[in-house]
Amino acid sequence: MPNEKERIHAQLLKIIRTRINSMIPIPDDAGMSLAGALNLLFLLIGTHGSVGDYGTTMNALRILIGNNLLWADPPAKVETAILNPLVQ
C-alpha cells in the first residue's frame, strides 16, 4: 500500500500527463519522472499563465513529496506476455 507521499506523487503525475496529452499525445509507456513531465509542461505552455511560476512549483513539489519522488522514474507496468513456442 503506497504511503501518502507516493499517492500524491502518482496523482500529480497523472494530472500533469493529462495536461500534456491535451496538447501533444505521448505514449503511456514513456517513462517520465514527475520533474520531467513538469519540465515538458512548462516548455509547452510557458513559465507564466495557468501553471504559475516554474521555480515556485518545483519548490512546492520538493516540500510536498521530496526530491527522491520528484525525480524518480514512474513504476513500470507489469504486463504478462504469452510466449508462443517457435514453430519450425
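In this report, we go over the structure that sits alongside the text. (Residues numbered from 1 in each chain as written. Predicted model: local features only at pLDDT ≥ 70, side-chain atom pairs only at ≥ 80, totals over all residues. Heavy atoms only, no water.)

Let's talk about the layout of surface pockets
Logical step 1: Approximately 170 Å³ is the volume found for the second largest pocket.
Logical step 2: L12, I16, L38, L41 and T57 are the residues nearest the centre of the second largest pocket, which is lined by 11 residues in total.
Logical step 3: At the level of elements, α1 (4–21), α2 (34–45) and α3 (54–65) are the ones that each hand at least two residues to the lining of the second largest pocket.
Logical step 4: Take the lining of the second largest pocket: its biggest share by element is four residues, from α1.
Logical step 5: In the lining of the second largest pocket, the residues fall into nine nonpolar, one polar and one charged. (1 Å grid on protein atoms, 1.4 Å probe; cavity = no way out; pocket = protein on both sides within 12 Å on 5 of 7 lines; lining within 4 Å. Points joined across faces, edges and corners; volume = space filled by probe spheres on them. Helix = DSSP H or I, 4+ residues; strand = E, 2+ residues; numbered from the N terminus. Nonpolar A, V, L, I, M, F, W, Y, C, P; charged D, E, K, R; others polar.)

Concerning the nonpolar core
Logical step 1: Ranked by internal contacts, the top residues of the largest apolar core, which has 16 residues, are I16, I20, L34, A37, L38 and L70.
Logical step 2: The set of elements that each furnish at least two residues to this core consists of α1, α2, α3 and α4 (67–71).
Logical step 3: With six residues, α2 is the largest single contributor of residues to this core.
Logical step 4: L38 has contacts with I16, Y54, T57, M58 and L61, leaving out every residue within four places of it along the chain. (Core = buried A, V, L, I, M, F, W, Y, C linked by side-chain atoms within 4.5 Å. Buried < 20%, exposed > 50% of the residue type's maximum accessible area, 1.4 Å probe, protein only. Contact = heavy atoms within 4.5 Å.)

Remarks on the packing of α1 against α2
Logical step 1: For the pair α1 and α2, interaxial distance at closest approach is 9 Å and the crossing angle is 30°. When the axes of α1 and α2 are compared, the pair comes out roughly parallel. Considering how the two elements wind past one another, α1 and α2 form a crossing that is left-handed. Where α1 abuts α2, its residues H9, L12, L13, I16, R19 and I20 lie against L34, A37, L38, L40, L41, L44 and I45.
Logical step 2: Partitioning the contact of α1 with α2 into residue classes produces 11 nonpolar, one polar and one charged. (Axes fitted to C-alpha atoms, helices over the stretch in contact; angles between N-to-C directions. Parallel < 35°, antiparallel > 145°, perpendicular 65-115°, else oblique. Left-handed = near helix turned anticlockwise from the far one by under 90°.)

Observations regarding α3
Logical step 1: Helix length check: α3 (12 residues) gives 16 Å between terminal C-alpha atoms against 16 Å at 1.5 Å per residue, within 8%.
Logical step 2: For α3, the full list of buried residues reads M58, L61 and I65. The buried residues of α3 occupy one face: seen down the axis, they fall within an arc of 65°. Among the exposed residues of α3, those oriented more than 90 degrees off its buried face are T56 and I63.
Logical step 3: Where α3 is buried, its residues touch α1, α2 and α4. (Expected span 1.5 Å × (residues − 1). Arc of directions from axis to C-beta.)

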